[in-house]
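Each chain, written out:
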Amino acid sequence: MPIPTRSEAQQRADDIRIFDLELDRLQDEGVLTLNSVQREAVSQHHAQLLEQYAKSFDIDRGTEAKKLSLGMRIASFLGALALAASVFFLFHQFWGHFDTWAQVAILLVSAFGTLIATMWVHGRESTGYFTKLAALVAFACFVLNIAMLGQIFDIRPSDKALLPWAAYAFLLAYACDLRLLLAAGILCMIAFISARTGTWSGMYWLYFGQRPENFFSAGLVMLAVPSVFDHRHYSGFAPIYRVFGMLSWFLPVLVLSNWGTGSYLELDRGLIEGMYQVVGFVGCAAAVWIGIRRHWGDLVNTGMTLFVILLYTKFFDWWWQAMPKYLFFFVLGVTAILFLLVLRRLRGALAMAQGARA
Amino acid sequence: MKPLTRRHLLIAAAALVAVTNAVALGGVAWNRSSAPESTLQLTERELPPVCACSPLASQENSEFSLHLRWQVLPKQTDVDFGVAHEGAGASPDWLGSSKLAELGFNLSKPSEARRGRGTDQVREVVLVLELDGPAYQAALTRARAHVEKTRAELAASPDTKGHQWRLSSAESGLQSEERRDSRLFAIDAGLDPAVLRARYPDRSRYALMHGRVHLGAWYAGDMQPSATLDELSAGAVNVPLPMRRAITTEDRYAGAEPFAATLAIGKRLEPYLVSLEPRPAR
């Protein structure tokens with residue numbers, strides 16, 4: 001049997017718990033009864049699996065444990081952010097008391113030291129909470145490493161620094177199975193691709209946000225990554241790529257649908273805004289359709305949410321001044337009901353399709 | 001296979017840290033290798049401490065940097081606004097349409113439908129900074145002429161408070177230009193450092209540094225494009241600890257002690273301090 005990841009093990013544990021509950025119900029309703037030998041065999045097999053998974057991955061074996069785990073994840077995330085901030089301010093507080101080569105040595109030692117600490121922690125704990133803490137501190141130290149070298153030696157700022165930061169975050173994310181570091185890497189990569197796209201039009205890289213279209217190529221790359229590279233062994237990674245890809249594409253469309261002067265296109269402002277409104281609606285609808293076809297719930301939810309945001313911003317633009325407020329909110333409410341009806345129909349069609357496949 | 005792959009990824013992360021630092025430090029070494037591109041003898045007038053309002057200057061930041069301060073001669077001739085302007089945000093008299101076109105800006109007028117609602121353009125260019133040269137002398141000449149002019153106006157109308165104020169302001173401006181303001185002026189810009197260096201060969205008077213030019217969105221019709229100089233890309237100069245101790249024993253340099261500094265600009269047009277010594281106040 002192939003060795004599962006932590007999330008696969010957790011999913012199996014959840015399935016076992018639900019299986020036990022449903023089996024009890026079926027027995028009570030007289031639909032299915034296992035004899036004692038079968039019941040014993042199933043129970044023993046499940047107990048062995050859960051024991052093995054608990055030892056290897058420290059999984060949650062019940063709903064109460066799950067709730068506590070959520071609290072631990074939040075504490076781990078906040079602790080990681082706080083430690084990273086602490087490192088940043090520690091450097092700034094005492095920095096000026098060292099000569100240049102001592103400063104360089106401190107930067108190198110902190111970058112390598114925190115990486116080694118991350119490797120050590122990861123090898124010794126199965127939960128991932130402490131690894132996340134250590135990995136985020138390691139990432140913060142590497143970012144500071146390069147940023148502070150730039151400050152010490154008066155290096156001209158460049159978007160090229162984003163590339164090693166992104167690569168480092170990706171390496172830590174894939175090595176330690178950390179979605180937070182993956183998100184950090186994706187953000188750095190989106191910034192790098194967008195800045196590079198901006199420089200091709202001649203603008204200074206730091207001003208890439210002035211032209212929202214600079215983000216489109218980054219969004220397409222992020223959407224394509226999970227389709228090109230298999231992420232089956234990295235639970236939650238593919239949805240993160242897709243969500244960031246959608247946001248990197250949609251947020252510029254939202255901006256341009258309200259502020260056409262930011263576009264590269266030398267067209268009438270109203271025409272640009274209208275065009276991007278259409279692109280926004282069609283794009284979100286396409287994302288929902290693709291998400292349903294490919295069973296990518298993240299793409300469906302993101303597409304649906306962004307569609308609603310775009311729609312409500314246009315409602316505000318068109319009707320907030322023109323309509324009395326009670327009527328405006330009534331229209332919003334009716335629209336929400338229409339969405340519910342459409343989604344219910346979609347869900348029904350999906351269930352039929354799944355039933356036909358079974 | 002997977003645990004081995006994880007180990008390889010972490011080893012790759014370590015290699016990335018090493019390579020990135022090697023590239024950064026190698027670039028610094030290359031910038032500072034052999035003779036500098038230019039070397040300027042500056043004082044506290046051109047290298048004041050980083051502004052107290054800057055996030056870098058908080059009480060919890062012990063880092064010590066000097067800010068490279070420079071000026072431009074503006075287009076307007078009305079010197080009540082100052083004979084020279086601080087570099088960032090200023091519009092020099094040489095930054096006209098032909099220079100902007102040379103720097104690669106798109107000067108085609110926006111369509112009628114987009115009139116006045118274009119987006120600003122910002123480009124990184126190579127600026128030529130002149131130390132204590134014709135531009136500074138021109139600023140002093142303007143300041144002295146302005147003092148003479150306001151003095152004559154006051155002599156003609158001695159009871160006018162406005163004229164008294166203008167004379168006081170003009171004399172203060174002249175004093176500032178002679179003793180406190182930077183002698184470093186941005187006098188030209190281009191895209192090719194080699195071309196600029198051929199035009200300004202004196203490496204002890206003219207420094208080439210990366211900076212930004214900002215072309216504002218402008219209206220169609222007869223209005224001309226309006227461009228300003230932005231910050232230098234590497235305008236803060238780090239002061240190593242031994243040099244800081246030469247001019248101050250305090251944790252922060254207050255800016256009161258005069259000093260003489262040798263600032264070198266390397267091959268990558270990045271600055272670095274060669275020396276920093278106290279000098280007697282005049």
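Refer to the structure presented above.
Position numbers for residues start from 1 in each chain and track the written sequence from start to end. Chains and ligands are labelled sequentially in the order written, the chains with letters from A and the ligands with numbers from 1. Thresholds applied to this predicted model are a pLDDT of at least 70 for local features of residues and 80 or more for the giving and counting of side-chain atom pairs; totals over whole chains, interfaces and linings are not thresholded and use all residues. Hydrogens and waters are ignored; side-chain quantities use all the structure's heavy atoms.

Let's shift gears to the sheet that holds strand β10 (residues 259-265) of chain B. Residues and elements named next belong to chain B. Only when DSSP finds a minimum of two bridges between them are two strands counted as paired. A run of H or I in DSSP becomes a helix once it reaches four residues, and a run of E becomes a strand once it reaches two; helices and strands are each numbered from the N terminus. Strand order in the open sheet made by the 3 strands is β1-β10-β11, with antiparallel pairing throughout. At either end of the open sheet lies a strand with only one pairing partner, and these are β1 (38-43) and β11 (271-278). Geometrically, the sheet is characterised by an average inter-axis angle of 20° between neighbouring strands, direction not taken into account. The pairing of β1 with β10 spans 6 bridges and is classified as antiparallel. When the sheet's bridge partners are listed, Thr39 is paired in β10 with Ala264. Angles run from 0 to 180 degrees between N-to-C directions of axes, and those axes are lines fitted to C-alpha atoms, restricted for helices to the stretch in contact.

The subject of this paragraph is the interface of chain B and chain A. Taken residue by residue, the interface counts 46 residues in chain B and 55 residues in chain A. Here the buried area means the combined drop in accessible surface, using a 1.4 Å probe, for two parts upon being joined, counting both sides. When chain B packs against chain A, close to 4500 Å² is buried across both sides, 60% of that on carbon and sulfur atoms. By definition here, a salt bridge exists when the distance from a side-chain nitrogen of Lys or Arg to a carboxyl oxygen of Asp or Glu is within 4 Å. Viewed at the interface, chain A and chain B are joined by 1 salt bridge. Of the charged contacts, one joins A:Arg156 and B:Glu124 as a salt bridge, the two residues approaching to 2.9 Å between their closest N and O atoms. In protein, a polar contact requires one atom able to donate a hydrogen and another able to accept it; more generally it is a pair of N or O atoms within 3.5 Å, and residues adjacent in sequence count only if both atoms are side-chain atoms. Between the two partners, chain B and chain A, sit 10 residue pairs in polar contact (both at pLDDT 80 or more). Looking at the side of chain B that touches chain A, the elements with two or more residues in it are α1 (2-31), β5 (121-131), β7 (206-215), β9 (236-238), α6 (241-247) and β11 of chain B. With 15 residues, the top contributor of residues to the side of chain B that touches chain A is α1(B). Asp, Glu, Lys and Arg are counted as charged, while Ala, Val, Leu, Ile, Met, Phe, Trp, Tyr, Cys and Pro are counted as nonpolar; the rest, among them Gly, fall into the polar class. Its residues placed into classes, the side of chain B that touches chain A shows 22 nonpolar, 8 polar and 16 charged. Contacts were defined at the residue level, with two residues in contact if any of their heavy atoms lie within 4.5 Å.

Residues and elements named next belong to chain A. Packing of helix α5 (residues 129-152) against helix α7 (residues 179-200) leaves a shortest axis separation of 10 Å and a crossing angle of 25°. Of the possible angle classes, the one that applies to α5 and α7 is roughly parallel. Where α5 approaches α7, its residues Lys132, Ala135, Leu136 and Phe139 are matched on the opposing element by Leu180, Leu181, Ala184 and Cys188. Here the contact of α5 with α7 is built from residues that sort into 7 nonpolar, no polar and 1 charged. Should an angle fall under 35 degrees it is called roughly parallel, over 145 degrees roughly antiparallel, and 65 to 115 degrees roughly perpendicular, with every other angle called oblique.

The criterion for an aromatic pair is that two Phe, Tyr or Trp rings (for Trp, the six-membered ring) have centres within 6.5 Å, with stacked assigned to planes under 30 degrees apart, edge-to-face to planes over 60 apart and tilted to the rest. Applying the stated criterion across every chain, the model contains 24 aromatic pairs over all chains. Arranged with centres 5.2 Å apart and planes meeting at 65°, the rings of A:Phe281 and A:Phe307 form a pair that is edge-to-face. Taken as a pair, A:Phe281 in helix α10 (residues 269-294) and A:Phe307 in helix α11 (residues 297-319) lie far apart in primary sequence, 26 residues in all. Between A:Phe328 and A:Phe329 the ring centres are 5.4 Å apart and the planes differ by 80°, which places this aromatic pair in the edge-to-face class. The cut-offs for exposure are 20% and 50% of the maximum accessible area for each residue type, with area from a 1.4 Å probe on protein chains only; residues under the lower value are buried, those over the upper are exposed, and the others partly exposed. Taking the relative accessible area as the measure of exposure, A:Phe328 reaches 4% and is therefore buried. Its guanidinium or amino end placed over the ring of B:Phe105, B:Arg123 lies 5.7 Å from that ring's centre, counting from NZ or CZ. Over a ring means this: the NZ of a Lys or the CZ of an Arg is within 6 Å of the ring centre and within 35 degrees of the ring normal.

Residues and elements named next belong to chain B. Here the expected length of a helix is defined as 1.5 Å per residue gap, with one fewer gap than residues. With 19 residues, helix α4 (residues 161-179) should cover 27 Å at 1.5 Å per step; its first-to-last C-alpha distance of 27 Å lies within 8% of that length. The set of residues buried in α4 consists of His163, Arg166, Leu167, Ala170, Leu174, Ser176 and Glu177. For α4, the secondary structure elements touched by its buried residues are β3 (71-72), α3 (134-156) and β6 (184-190).

Glancing now at a nonpolar patch on the surface. All names here are of chain A. For patches, a residue must show more than 30% relative accessible area and have no salt bridge; joins then use 9 Å for like charges and 5 Å for nonpolar side chains, namely Val, Leu, Ile, Met, Phe, Trp and Tyr. Surface exposure here means Shrake-Rupley accessible area, sampled with a 1.4 Å probe, where a residue is shielded only by the protein chains that are shown. On the surface, Tyr326, Leu327, Phe330, Val334, Ile337, Leu338 and Leu341 cluster together into a nonpolar patch covering about 700 Å² of accessible area. Among the secondary structure elements, Leu341 is positioned in helix α12 (residues 325-357). Here Leu341 falls in the partly exposed class, since its relative accessible area comes to 45%.

Our next topic: α10(A). An α-helical segment advances 3.6 residues per turn. Residues three or four places apart therefore align on the same side. Residues and elements named next belong to chain A. Compared with an ideal rise of 1.5 Å per residue, which puts 26 residues at 38 Å, α10 spans 37 Å between its outermost C-alpha atoms and is within 8% of the ideal. All of the buried residues along α10 are Ile272, Glu273, Tyr276, Gln277, Gly280, Phe281, Cys284, Ala287, Val288 and Gly291. Among the structural elements, α8 (216-228), α9 (237-258) and α11 are those in contact with the buried residues of α10. Where α10 ends, the next residue or the one after it, His295, has phi of about 60°, a positive value.

Throughout, the protein atoms alone are placed on a 1 Å grid, and a set of points is a cavity if a 1.4 Å probe fits but cannot get out or a pocket if it is open with protein on both sides within 12 Å along at least five of seven lines; lining residues have an atom within 4 Å of a point. Grid points are joined across faces, edges and corners, and a volume is the space filled by probe spheres set on the points. Applying the stated criterion across every chain, the model contains 1 cavity of 30 Å³ or more. Of the voids in this model, the largest cavity is the one considered here, and its volume is about 80 Å³. Lining the largest cavity are A:Trp95, A:Gly96, A:Phe98, A:Thr100, A:Gln103, B:Glu63, B:Phe64, B:Asn238, B:Val239, B:Pro240, B:Leu241 and B:Arg244. Of all the secondary structure elements, the ones that give two or more residues to the lining of the largest cavity are α4 (100-124) of chain A together with α6 of chain B. Per-class residue counts for the lining of the largest cavity are 6 nonpolar, 4 polar and 2 charged.

The next thing to look at is the packing of α3(B) against α4(B). All names here are of chain B. Two numbers describe how α3 lies on α4: the axes approach to 9 Å, and their chain directions differ by 160°. In terms of axis orientation, α3 runs roughly antiparallel to α4. When you trace α3 past α4, the crossing you get is left-handed. Within the contact between the two elements, α3 uses Tyr136, Ala139, Leu140, Ala143, Arg144, His146, Val147, Lys149, Thr150, Arg151, Glu153 and Leu154 and α4 uses His163, Gln164, Arg166, Leu167, Ala170, Glu171, Leu174, Glu177 and Glu178. The residue makeup of the contact of α3 with α4, split by class, is 9 nonpolar, 4 polar and 8 charged. A clockwise turn of the near helix away from the far one marks a right-handed crossing, whereas an anticlockwise turn of less than a right angle marks a left-handed crossing.

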